[in-house]
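Chain by chain, the residues run as shown.
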Amino acid sequence: MKLFEPIKIGKVSVKNRIVMAPMTNHFADKGFVTERMVSFYEARARGGSGLITIEDAIVDYPIGNNTANPLAIDHEKYIPMLKKLSSTIKSHGCVPMVQLSHAGRRAGRVNPDTGCIETTQHRLPVAPSALAHPFPGHVVPRVLRVEEIEAITEKFVQGARRAVEAGFDIVGLHCAHMYLIGQFLSPWANKRMDDYGGTLENRMRFIINIIRRIKREIGEDFPLVCRMNGAEPEGGNTLREIQDIAVKLQSAGINALHVSVGFGPVLWEKGFMPAEAPIGMPEGCIVNLAENIKRVVTIPVITVNKIRHVDFAENILQRKRADMIALGRALLADPMWPYKAMNNKAAEIRPCVSCCQGCVKNIETGNPISCLANPLVGREYEIMLDRVPPDSVKKILVIGGGPAGLMTAIIAAKRGHKVSIWEKENRLGGEMHLAMMPPRKQEFRELMEYLIFRVNSLGIEVKLNTLAGARTVGHFDADAVVVAIGSETMMPTIAGIENSNVISAIKAFEDEANVGAKVVIIGGGLIGLEAAESFSQKGKAITIVEIKEDVGSNMPMLVKIPLLITLQERGVNILTGSSVRKIDLTGVEVEHGGTVKFLDCETVIIASGGKSNHSLEEQIRSAGKNVYSVGSSNLLGDMLAALHNGFHLGAQL
Ligand SMILES: Cc1cc2nc3c(=O)[nH]c(=O)nc-3n(C[C@H](O)[C@H](O)[C@H](O)COP(=O)(O)O)c2cc1C
Ligand code: SF4
């Protein structure tokens with residue numbers, strides 16, 4: 001396979017064509033590499049990636065921070081732990097590279113809760129020009145004076161020197177995603193009239209000076225990689241200019257180009273791909289941008305963004321569309337992706353479903369990343385999943401074959417327990433079938449199929465069409481019983497809720513024939529919006545009524561914004577800050593700001609939260625069994641919670 005052919009980046013040989021894309025993870029501690037971070041990267045190195053790109057390391061902390069808790073490289077004190085990180089990666093035969101970064105104006109977002117710019121620790125961010133990053137909440141940055149630009153250039157140079165001292169084999173420069181270097185490069189953000197603005201030559205002065213001076217400091221032949229944008233928003237660089245930038249970077253001595261895209265996780269221009277293409281977007285959606293660059297340079301070109309399948313990645317290389325494949329989220333979901341690909345075990349890869357729920361969403365909210373599909377992300381240093389000793393093997397009965405039950409069963413069986421699953425339906429998957437009903441969410445099917453594959457490969461006994469009751473469970477000789485029966489819709493107390501025209505979102509998905517042409521959805525969370533998406537696609541007229549001032553507040557922006565755009569295009573009416581007063585057979589009465597109005601409809605869909613039913617658990621407990629309960633409890637539709645709860649229970653049993 002081409003994927004496993006070695007390649008050279010400058011003087012450095014990389015054993016295969018798989019690059020781990022840089023991913024800020026919030027595992028740093030005040031800029032320092034932590035043991036948690038080392039274990040996180042080590043798992044990916046062990047998994048067989050050829051080149052591991054360490055996330056953005058900030059060359060000017062905190063004013064250049066990309067998030068509130070990034071990695072830093074602007075002081076000697078960071079070197080020892082950076083060294084530990086690079087040597088750990090090398091010990092697995094991987095090449096470590098660190099990406100030097102400065103966020104410029106993108107750091108200047110005011111936290112609406114505190115009114116502060118936490119990313120820069122309350123400093124006004126700096127930029128080429130006095131233009132705020134165009135997303136609500138960003139402040140107008142302070143314009144950099146020429147001597148300050150020189151000083152930041154030197155900070156990149158010193159960052160590169162520290163990277164070399166810390167044992168990294170390649171230094172990366174973040175020129176993409178409209179961070180500071182990208183801001184200088186792009187007329188979208190750079191309106192300067194001096195030597196650093198105007199012509200492309202002037203806009204490139206900052207990066208070219210950085211490259212020249214880094215080379216002077218660490219040696220002409222030390223490999224350098226630039227990450228660059230392959231497309232820009234209107235008013236930014238044209239394709240011709242982007243290609244010119246690539247050619248000039250090669251002439252300046254850059255040894256590989258990593259072609260990405262994007263200008264902020266929360267900014268969306270219709271038709272413009274974000275840096276992390278979410279669920280529903282096509283696989284390999286920006287490979288064409290790498291191809292554009294490959295046409296004009298001779299150095300290796302790396303492509304990225306939603307490359308998920310081994311065949312797809314191989315095909316890109318075979319067709320010479322790019323020279324290397326960067327995987328970000330795919331390696332969060334399964335660090336062993338390269339190993340499995342190489343050993344003909346592609347079917348065993350745990351798929352990323354592009355939900356952004358555990359990764360991007362946590363970056364947005366300032367938390368350490370996790371992963372819906374892989375609860376071990378960021379916990380590699382503390383959870384071992386060792387096999388239990390033979391005298392501790394338990395017989396475990398899991399009631400319910402939904403996400404929480406499947407995950408509990410898999411982890412417990414992996415640890416050596418003897419596990420049986422009883423599922424009342426005629427198929428495994430439970431709520432996952434619901435999750436993949438919305439048109440964009442077919443990727444969830446792959447995750448469900450993976451979990452079922454694991455159940456089978458671990459030899460877990462599965463009994464379908466088996467309704468568990470206290471008596472049948474009592475007769476089953478289990479050391480532990482896990483009740484994983486999911487949750488049911490919590491029907492709000494509204495006059496008319498019992499009417500025949502009122503159904504839960506789950507029922508609506510299961511029995512679409514019962515949904516009329518005019519629909520009111522009560523609840524504008526994830527499930528309500530997805531129900532609106534599904535039924536508006538089928539031509540139904542939809543109104544969503546949400547009591548809060550915002551809809552989809554539990555969703556990552558990257559998933560929410562395109563969904564809202566779709567709903568808007570389909571004429572879905574969204575009433576926020578509105579409460580339902582009563583329901584009758586002809587519609588729903590709502591109140592908004594003291595005004596009452598009546599919404600005619602044929603069907604009312606309840607998409608509010610869920611509630612757990614503990615009665616089975618209690619009955620089994622009273623029968624003297626050792627019982628655990630797991631699932632999304634009151635978080636109906638929260639797949640991440642269901643899978644993570646199942647994982648942690650499976651690890652404890
Ligand atoms: C949690 C997370 C953090 C990221 N942090 C960075 C970063 O620090 N620097 C960067 O250049 N790109 C960053 N990215 C973008 C990724 O490098 C990559 O381009 C993107 O995730 C698309 O690739 P994928 O579909 O394989 O994940 C981040 C992406 C994710 C999901
Ligand atoms: S949280 Fe979702 S998008 Fe992010 S890596 Fe995991 S499965 Fe993929």
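What you are looking at is a predicted structure, and each value in this text was computed from that prediction instead of being measured.

Undergrad: Could you give an account of the overall build of the protein, naming the residues involved and the relevant values?
TA: Of the regular secondary structure elements, the protein holds 21 helices and 28 strands. Whereas a compact globule of 653 residues would reach a radius of gyration of roughly 26 Å, the protein reaches 26 Å, a difference of no more than 12%. Considering the protein as a whole, with its 653 residues, one finds that 54% of them fall into the buried category. Across the protein, the fraction of contacts at a sequence separation of at least 24, relative to all contacts at a separation of at least 6, is 72%.

Undergrad: Quick rundown of the site of ligand 2? Include the residues and the values.
TA: Taken together, 14 residues lie around ligand 2, and Arg 329, Cys 352, Gly 358, Cys 359 and Cys 371 are the ones closest in. A breakdown of the residues in the shell around ligand 2 according to their chemical character gives ten nonpolar, three polar and one charged.

Undergrad: Account for the pairing of strand 14 (residues 395-399), naming residues and giving values.
TA: Counted residue by residue, strand 14 has four buried out of five residues, so it is predominantly covered. In this view, the connection linking strand 14 to its parallel neighbour strand 15 (residues 418-422) by way of helix 13 (residues 403-414) has right-handed handedness. In the sheet, strand 14 pairs with strand 17 (residues 480-483) via four bridges, with the strands oriented parallel. Paired with Ile 396 across the bridge in strand 17 is Ala 480.

Undergrad: Could you give me a rundown of the sheet that holds strand 20 (residues 518-522), with the residues and numbers involved?
TA: Spatially, five strands are ordered 19-26-20-21-22 in an open sheet, and the strand pairing comes out parallel. Each edge of the open sheet is held by one strand with a lone partner, namely strand 19 (502-504) and strand 22 (573-575). The average undirected angle you get between the axes of adjacent strands in this sheet is 20°. Two strands pair when backbone bridges link them, and strand 19 and strand 26 (residues 603-606) are joined in this way by three bridges, in the parallel orientation. Paired with Ile 503 across the bridge in strand 26 is Ile 605.

Undergrad: Lay out the packing of helix 13 against helix 15 (residues 443-457) in plain terms, naming residues and giving numbers.
TA: As a packed pair, helix 13 and helix 15 sit with axes 10 Å apart at the nearest point and diverge in direction by 40°. The two elements helix 13 and helix 15 cross, and the hand of that crossing is left-handed. Every residue of helix 15 that contacts helix 13 at Leu 406, Met 407, Ala 409 and Ile 410 is listed here: Leu 451, Arg 454 and Val 455.

Undergrad: Please provide a residue-by-residue account of the environment of Val 519, values included.
TA: Along the polypeptide, Val 519 turns up in strand 20. The exposure class of Val 519 is buried, given the 24 C-beta atoms found within 10 Å. If sequence neighbours within four positions are ignored, Val 519 has contacts with Phe 535, Lys 540, Ala 541, Ile 542, Cys 601, Thr 603 and Ile 605.

Undergrad: I'd like to hear about the sheet that holds strand 16 (residues 461-463), residue by residue, with values.
TA: With parallel pairing, the five strands of this open sheet are ordered in space as 16-15-14-17-28. Edge positions in the open sheet fall to strand 16 and strand 28 (627-629), since each of these has one partner strand only. Each neighbouring strand pair of the sheet contributes to a mean axis angle of 20°, computed without reference to strand direction.

Undergrad: Tell me about the domain arrangement of the protein, residues and numbers included.
TA: Taken domain by domain, the protein consists of domain 1 (2-365), domain 2 (390-489 + 611-652) and domain 3 (502-608). Taken residue by residue, the interface counts nine residues in domain 1 and nine residues in domain 2. Per-class residue counts for the side of domain 1 that touches domain 2 are four nonpolar, four polar and one charged.

Undergrad: Break down the UniProt feature "domain: FAD/NAD(P)-binding" (unreviewed entry) in the protein for me, citing the residues and quoting the values.
TA: Here, UniProt's "domain: FAD/NAD(P)-binding" (unreviewed entry) annotation points to residues 395-619. Note that residues 395-619 is 33% helix and 28% strand, and that its end C-alpha atoms are spaced 20 Å apart.

Undergrad: Any chance you could break down the nonpolar core for me, citing the residues and the numbers?
TA: The biggest cluster of nonpolar side chains holds 206 residues, and the ones touching the most others in it are Val 171 and Leu 257. Beyond its immediate sequence surroundings of up to four residues, Leu 257 is in contact with Cys 226, Met 228, Ala 246, Leu 249, Ile 293, Val 297, Ile 299, Val 301 and Ile 302.

Undergrad: Give a detailed account of the environment of Asn 514, specifying residues and quantitative values.
TA: Of note, Asn 514 is situated in the loop between helix 17 (505-510) and strand 20. Note on Asn 514: 13 C-beta atoms within 10 Å, which makes it partly exposed. Note: C-alpha distance between Asn 514 and Val 419 (95 residues apart in sequence) is 39 Å.

Undergrad: Give a detailed account of the packing of helix 1 (residues 35-46) against helix 2 (residues 79-90), specifying residues and quantitative values.
TA: The N-to-C vectors of helix 1 and helix 2 enclose an angle of 20°; their axes lie 9 Å apart at closest approach. As summarised for this structure, helix 1 and helix 2 are arranged roughly parallel, according to the angle between their axes. Relative to helix 2, helix 1 is oriented so that their crossing is right-handed. For the pair helix 1 and helix 2, contact is made by Met 37, Val 38, Tyr 41, Glu 42 and Ala 45 and by Lys 84, Leu 85, Thr 88 and Ile 89, respectively. When its residues are assigned to classes, the contact of helix 1 with helix 2 shows six nonpolar, one polar and two charged.

Undergrad: Any details on the environment of Ala 484? Residues and values, ideally.
TA: Mapped onto the elements, Ala 484 comes out in the loop between strand 17 and strand 18 (487-489). According to the C-beta neighbour criterion, Ala 484 is buried, with 28 such atoms within 10 Å. In sequence terms Ala 484 and Leu 257 are 227 residues apart; their C-alpha atoms lie 48 Å from each other.

Undergrad: Please give an account of helix 8 (residues 287-294) that cites residues and values.
TA: Note: α-helices contain 3.6 residues per turn, so residues at a spacing of three or four share the same orientation. What helix 8 keeps buried is the set Val 287, Leu 289, Ala 290, Ile 293 and Lys 294. Considered in projection along helix 8, the buried side chains sweep an arc of 155° and stay on one side of the axis. Where helix 8 is buried, its residues contact helix 7 (239-251), strand 11 (256-260), strand 12 (301-303) and helix 9 (310-318).

Undergrad: Requested: an account of the pairing of strand 17, with residues and values cited.
TA: Taken together, the three bridges between strand 17 and strand 28 define a ladder with parallel strand orientation. The partner of Val 483 across the bridge, within strand 28, is Ser 629.

Undergrad: Describe in detail unusual backbone geometry, supporting the description with residues and values.
TA: Note the cis peptide between Tyr 61 and Pro 62, where omega equals 5°. At Asn 305, a position not held by glycine, the phi torsion is positive, near 95°. Within the secondary structure layout, Asn 305 lies in the loop between strand 12 and helix 9. On the basis of neighbour count, Asn 305 is assigned to the buried category, with 27 C-beta atoms found within 10 Å. Residues other than glycine seldom take positive phi values, yet Lys 320 does so here, at roughly 55°.

Undergrad: Can you break down helix 9 residue by residue, with the values?
TA: Those residues of helix 9 not exposed but buried are Val 310, Ala 313 and Ile 316. The arc that holds the buried residues of helix 9, viewed along the axis, is 125°, so those residues lie on one side. More than 90 degrees from the buried face of helix 9, the exposed residues found are Asp 311 and Gln 318. Residues of helix 9 that are buried sit in contact with helix 8, strand 12, strand 13 (324-327) and helix 11 (337-342). Trailing helix 9 by a residue or two, Lys 320 shows a phi angle of about 55°, which is positive.

What counts as what
- Residues numbered from 1 in each chain as written.
- Chains lettered and ligands numbered in written order.
- Predicted model: local features only at pLDDT ≥ 70, side-chain atom pairs only at ≥ 80, totals over all residues.
- Helix = DSSP H or I, 4+ residues; strand = E, 2+ residues; numbered from the N terminus.
- Rg over C-alpha atoms; globule rule 2.2 N^0.38 Å.
- Buried ≥ 20, exposed ≤ 12 C-beta atoms within 10 Å, placed from the backbone.
- Contact = placed C-beta atoms within 7 Å.
- Near = placed C-beta within 6 Å.
- Nonpolar A, V, L, I, M, F, W, Y, C, P; charged D, E, K, R; others polar.
- Right-handed = clockwise from strand over helix to strand, strands pointing away.
- Pairing = 2+ DSSP bridges.
- Axes fitted to C-alpha atoms, helices over the stretch in contact; angles between N-to-C directions.
- Left-handed = near helix turned anticlockwise from the far one by under 90°.
- Domains from an automatic or database assignment.
- UniProt positions renumbered as here; feature names shortened; annotations may be inferred.
- Core = buried A, V, L, I, M, F, W, Y, C linked by C-beta atoms within 7 Å.
- Parallel < 35°, antiparallel > 145°, perpendicular 65-115°, else oblique.
- Arc of directions from axis to C-beta.

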